[in-house]
Amino acid sequence: MAHGNSDQRWTARAHAKVNLSLRVLAKRPDGYHDIETVMSRIGLADTLSIRATSSGELRLNVELAYPRSLPITPIPIGPDNLVLRAAELLRKQHGVSSGAEITLTKRIPSAAGLGGGSSDAATALVLLNRAWRLHRTLDELRELGSGLGSDVPFFLADSACALCTGRGERLQSFSARCRLNLVVVRPSSGLSTPEVYRHCVPEPTSPSSDQLIQSLEQGDARQAAHRLQNSLQRPAERLNPDVMSIHNLFTSLGLWNHQLTGSGSAYFGVCASFRQARHVARRLRLAGIPWAIATQTCL
Ligand code: C5P
């Protein structure tokens, strides 16, 4: 299949996520863990822009749009990059001979538990499906995406919130009726997902996420904030002292609640208003936290 060079550009935002709950239930024989997690997309997003070419080549240009204060965790730009892996997978599965020029503008810090790489991969699948006119359904793209990473299917969900089970790839979408006002920070050093999982102790008796989902569906942001939990927080704090310091700092801020997102090292607090979130983010930047932003969960 060749579609020739086209001037048409396909552009989309690739949103970050936070885990409002993350329960590690059991270690599995395949090296993964069974989890139950409630994820929500947030306003922070990378941008992906794609043009189909007839050259058969996949070219990726990454533009870093982080503040200079954040020490950069290098993003692979070779075949290990999740966007290029997504493109190769789609090409192989559907016998595509066309190539693509891809520009990725990175705003989501990596090694942060914010799902940046997975969201970029999911968005690449959606845009290349259009650019190469493959007519694959979202279900088919989710199936393909789950082989790239456990949380890639979440970024292909048809709503901004979902309860995810299995290793994180099985979705039940739901609609929240309130936005949470968040301040999100990333310390100078990141964390490796496999390493954090290796150090975690499964907590099969932790409270189920049902009540959190109920609060979100009822539009009760404050009650939802009181139902946050993350089984990976303790091992992350042990592996990265910056996370522990941020935890202590957030405790002194008087927010509704706060916790680690995913396997970290990013950490978020839930504020009573967006104004408060902006104010706290500014204070934290002035106090020397290299990356602190105010954002909201998406509806
Ligand atoms: O699926 P993904 O590539 O994001 O997972 C990265 C690593 O994180 C896995 O290789 C595994 O070590 C760990 N992991 C896990 N249980 C999960 C998800 C990830 O142990 N549910």
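Our subject is the structure that appears above.
Here's what I pulled together on the structure shown here.

So, how was this worked out
Residues numbered from 1 in each chain as written. Predicted model: local features only at pLDDT ≥ 70, side-chain atom pairs only at ≥ 80, totals over all residues. Heavy atoms only, no water. Near = heavy atom within 4 Å. Polar contact = N/O pair within 3.5 Å; in protein donor to acceptor, adjacent residues only side chain to side chain. Areas by Shrake-Rupley, 256 points an atom, 1.4 Å probe, with all protein chains shown as cover. Helix = DSSP H or I, 4+ residues; strand = E, 2+ residues; numbered from the N terminus. Nonpolar A, V, L, I, M, F, W, Y, C, P; charged D, E, K, R; others polar. Axes fitted to C-alpha atoms, helices over the stretch in contact; angles between N-to-C directions. Parallel < 35°, antiparallel > 145°, perpendicular 65-115°, else oblique. Left-handed = near helix turned anticlockwise from the far one by under 90°. Contact = heavy atoms within 4.5 Å. Pairing = 2+ DSSP bridges.

Considerations on the site of the ligand
Okay, so step 1: Every residue lining the ligand is accounted for by Gly31, Tyr32, His33, Ile35, Gly149, Ser150, Arg167, Thr193, Pro194 and Tyr197.
Okay, so step 2: Interatomic distance of 2.5 Å between a side-chain N/O atom of Ser150 and an oxygen atom of the ligand.
Okay, so step 3: For the ligand, the protein covers 75% of the area, taking 450 Å² as the surface of the free molecule.
Okay, so step 4: Secondary-structure elements contributing two or more residues to the shell around the ligand are β2 (33-53) and α4 (193-198).
Okay, so step 5: Take the shell around the ligand: its biggest share by element is 3 residues, from α4.
Okay, so step 6: Class assignment for the residues of the shell around the ligand results in 4 nonpolar, 5 polar and 1 charged.

A look at the packing of helix α2 (residues 116-131) against helix α3 (residues 138-146)
Okay, so step 1: It is at 10 Å that the axes of α2 and α3 come closest, and there the two elements cross at 130°. Relative to α3, α2 is oriented oblique. You can see that α2 and α3 cross each other, and the crossing is right-handed. Judged by residue contacts, Leu125, Val126 and Asn129 of α2 engage Leu141, Leu144 and Gly145 from α3.
Okay, so step 2: Here the residues of the contact of α2 with α3 are counted per class, giving 4 nonpolar, 2 polar and no charged.

With respect to the sheet that holds strand β7 (residues 181-186)
Okay, so step 1: Ordered in space as β9-β10-β7-β11, the 4 strands form an open sheet in which the pairing is antiparallel. One side of each edge strand has no neighbouring strand; the edge strands of this open sheet are β9 (257-260) and β11 (291-296). Geometrically, the sheet is characterised by an average inter-axis angle of 20° between neighbouring strands, direction not taken into account.
Okay, so step 2: Relative to strand β10 (residues 267-271), β7 runs antiparallel, the two sharing 5 bridges. Each residue of the ladder has a partner; that of Asn181, found in β10, is Cys271.
Okay, so step 3: Seen against the sheet, helix α8 (residues 241-251) touches β7, β9 and β10 and runs at an angle of roughly 10° to β10.
Okay, so step 4: Relative to the sheet, helix α9 (residues 274-286) contacts β7, β10 and β11, its axis offset from that of β11 by approximately 175°.

Details of the packing of helix α1 (residues 82-94) against α2
Okay, so step 1: Close contact between α1 and α2 brings their axes to 8 Å; oriented N to C, the two are set at 35°. Along this stretch, α1 crosses α2, giving a crossing that reads as right-handed. The residues of α2 that touch α1, namely those facing Leu82, Val83, Ala86, Ala87 and Leu90, are Gly117, Ser118, Asp120, Ala121, Ala124, Leu125, Leu128 and Asn129.
Okay, so step 2: Here the contact of α1 with α2 is composed, by residue class, of 9 nonpolar, 3 polar and 1 charged.

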